Amino acid sequence: METFKLGTPALICRWRIAEKSLPLENRHLRALAARTVNDEPVAQALVAWAKQHVEWTLEDGAREHPNGVLMLTIDKEGRAIMTVGGYRPLKRVLAYDLLARAQSSWREAERTGVSPEDLWVVRGDALVWCTSPDYRPSGASSLVSDLARTLGMPVLHDEELIAEFGDDGIEADEVFLVSDEHGVVPAKDCSGMRAQKFMESYQKLLESQGTRTR
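In this report, the structure presented in the accompanying data block is examined.

Thresholds, definitions, all that
Residues numbered from 1 in each chain as written. Predicted model: local features only at pLDDT ≥ 70, side-chain atom pairs only at ≥ 80, totals over all residues. Heavy atoms only, no water. Axes fitted to C-alpha atoms, helices over the stretch in contact; angles between N-to-C directions. Helix = DSSP H or I, 4+ residues; strand = E, 2+ residues; numbered from the N terminus. Parallel < 35°, antiparallel > 145°, perpendicular 65-115°, else oblique. Left-handed = near helix turned anticlockwise from the far one by under 90°. Contact = heavy atoms within 4.5 Å. Nonpolar A, V, L, I, M, F, W, Y, C, P; charged D, E, K, R; others polar. Buried < 20%, exposed > 50% of the residue type's maximum accessible area, 1.4 Å probe, protein only. Polar contact = N/O pair within 3.5 Å; in protein donor to acceptor, adjacent residues only side chain to side chain.

## Regarding the packing of helix H1 (residues 25–34) against helix H4 (residues 139–150)
Two elements in contact, H1 and H4, have axes separated by 8 Å at closest approach and are oriented at 120°. Compared by their axis directions, H1 and H4 come out oblique. Note that H1 runs across H4; the crossing there is right-handed. In contact with Arg27, His28 and Ala31 of H1, H4 contributes Gly139, Ala140, Ser142, Leu143 and Asp146. Here the contact of H1 with H4 is composed, by residue class, of three nonpolar, three polar and two charged.

Structure, rendered in structure tokens:
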């Protein structure tokens, strides 16, 4: 949507769009404000700039990829650029694959303060978010947390749960990834009704953008 040279990227946010709009705009912007670059909070002026560009230029910028991915890149100097690219669904969606992605995102969160992808599991009647209670959520995870509350499902936090998952597999009834880019992704080998429910709710949100823009 703009073209100029950035320095070394310090933060890259990848947000799914639908019908040339950003369904979780406010949630993503709140999560952006909670992030850090070079151990400093993302400037409020940059958050305002991102909001302005989403509202003013995303529709034109997403003509080639109306259901693609909006990428916000911030370099170490605090300069930023927004671009739009095509969306590619995940090919590897076994529980172990989703766990690996969540672990990688945790390492990113150590630098930036927010993880773009989280692992969620169902054990019995409990829905467990594999984070600490004081975790600053991504846009997508804040949505799932609110959906769970709407459905009357209590959410527990367990940041140690990921470490318990070994080579023998994940001890859970259901496993799913919640991602700013990919939405809700149930594990192919460990899914169930609740994971499917969250995935369907997310898909309905994407599909609703079509009716809003007609």
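## So, the side chain of Thr131
Along the polypeptide, Thr131 turns up in the loop between strand S7 (126–129) and H4. A relative accessible area of 1% places Thr131 in the buried class. Engagement of the side chain of Thr131 in a polar contact is seen with the side chain of His157, the distance being 3.1 Å. Excluding residues within four positions of it along the chain, Thr131 makes contact with Trp106, Asp118, His157, Asp158 and Glu159.

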